Amino acid sequence: MLGAGSWGTALATVLARNGHDVRLWSRRPDQAQRINDTGENADYLPDVTLPRGITATADLGQALDGAEAVLMVTPSATLRPMCQAIAPVLPEGIPIALACKGVERRTGYLLSEVVAEELPGHVVGAVNGPTFARETALDHPTAATVAFPFSYSDRLNPETSPAARLALSLSGGGFRAYVSDDLVGVEVGGAVKNVIAIACGMMSGAGFAENTRAALITRGIDEMKQLAQALGGRRETVTGLSGAGDLTLTCSSTTSRNMSLGYKLGQGIPR
């Protein structure tokens, strides 16, 4: 798990709770040491006791040694340099799943395209859905989509595909993972909902109410469908967890960083 923020720690908690050994990489050695010493990530998920099976480290080589899969939870703005940093120590051919959302500013690439360019030879997917980190870590009922492109072999034996294996690894307790082969649709839903959530926050901060929110969400979903289709994804994917589900969550609560940002902007508070 590359990234020891709130979401990376929450996903590590889900996997460890299901009996998997997880190495949680932090860029800060002091944070990694505190996680190992105290059994919690007080910086990002205070008062959440981490299950056994999580080992934190600030050493990329140690984090990736012998890994069967990698989940990248680094900010989208630092994804490319992160890929370059792990390239020398990344085990050959293992799947890479993105648990971060967005579009690369300089190129306009989807994040999977960034990883594919920097780390050829690895199948790239995404984990996406309506998931607040703290609720996930506390094992509240939560659902997400695991999306990977399916090869011919994957379609013949879907249970051995990277998507199915990761979904099974994540599923347990209150967490349920669903499988998709539409990586583009899932990524578009996860990225564009951020913009719509900021807009919903702005309208709330400016004093508008539920009519306006409903209009923004509904028309926003339609634009997400159009963009997903234009980029080679499927419109119906956007109506699922990684589109409409994620949008509903982030447009309805200031727990969402995007809506919270929009709310302040709507009130006239500078970013």
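Procedures and definitions
Residues numbered from 1 in each chain as written. Predicted model: local features only at pLDDT ≥ 70, side-chain atom pairs only at ≥ 80, totals over all residues. Heavy atoms only, no water. Axes fitted to C-alpha atoms, helices over the stretch in contact; angles between N-to-C directions. Helix = DSSP H or I, 4+ residues; strand = E, 2+ residues; numbered from the N terminus. Parallel < 35°, antiparallel > 145°, perpendicular 65-115°, else oblique. Left-handed = near helix turned anticlockwise from the far one by under 90°. Contact = heavy atoms within 4.5 Å. Nonpolar A, V, L, I, M, F, W, Y, C, P; charged D, E, K, R; others polar. Pairing = 2+ DSSP bridges. Polar contact = N/O pair within 3.5 Å; in protein donor to acceptor, adjacent residues only side chain to side chain.

J.: Can you walk me through the packing of helix H10 (residues 210-230) against helix H11 (residues 241-250) in this structure?
T.: Think of two packed helices as two axes; the pair is described by the angle between the axes and how far apart they sit. The interhelical angle for the contact between H10 and H11, taken along N-to-C directions, is 155°, at an axis separation of 11 Å. When the interaxial angle is binned, H10 and H11 end up roughly antiparallel. Here H10 and H11 pass one another in a crossing that is right-handed. Contact residues: Ile217, Ile221 and Met224 in H10; Gly243, Ala244 and Leu247 in H11. Among the residues forming the contact of H10 with H11, the class breakdown is five nonpolar, one polar and no charged.

J.: Explain the sheet that holds strand S7 (residues 175-180) here, please?
T.: Either a parallel or an antiparallel arrangement is found when strands of a sheet pair, and the pairing is made through backbone hydrogen bonds. Spatially, five strands are ordered S3-S4-S5-S6-S7 in an open sheet, and the strand pairing comes out mixed. Each end of this open sheet is capped by a strand with a single partner; those strands are strand S3 (70-72) and S7. The average undirected angle you get between the axes of adjacent strands in this sheet is 25°. Pairing of strand S5 (residues 124-128) with strand S6 (residues 142-147) involves three bridges; the strand directions are antiparallel. Within S6, the residue paired with Ala126 across the bridge is Ala147.

J.: How should the side chain of Thr142 be read in this particular structure?
T.: Tracing the backbone shows Thr142 in strand S6. One polar contact links the side chain of Thr142 to the main-chain carbonyl oxygen of His140, over a distance of 2.8 Å. Ignoring anything within four residues of it in the chain, the contact list for Thr142 reads Pro130, Thr131, Thr136, Gly174, Phe175 and Arg176.

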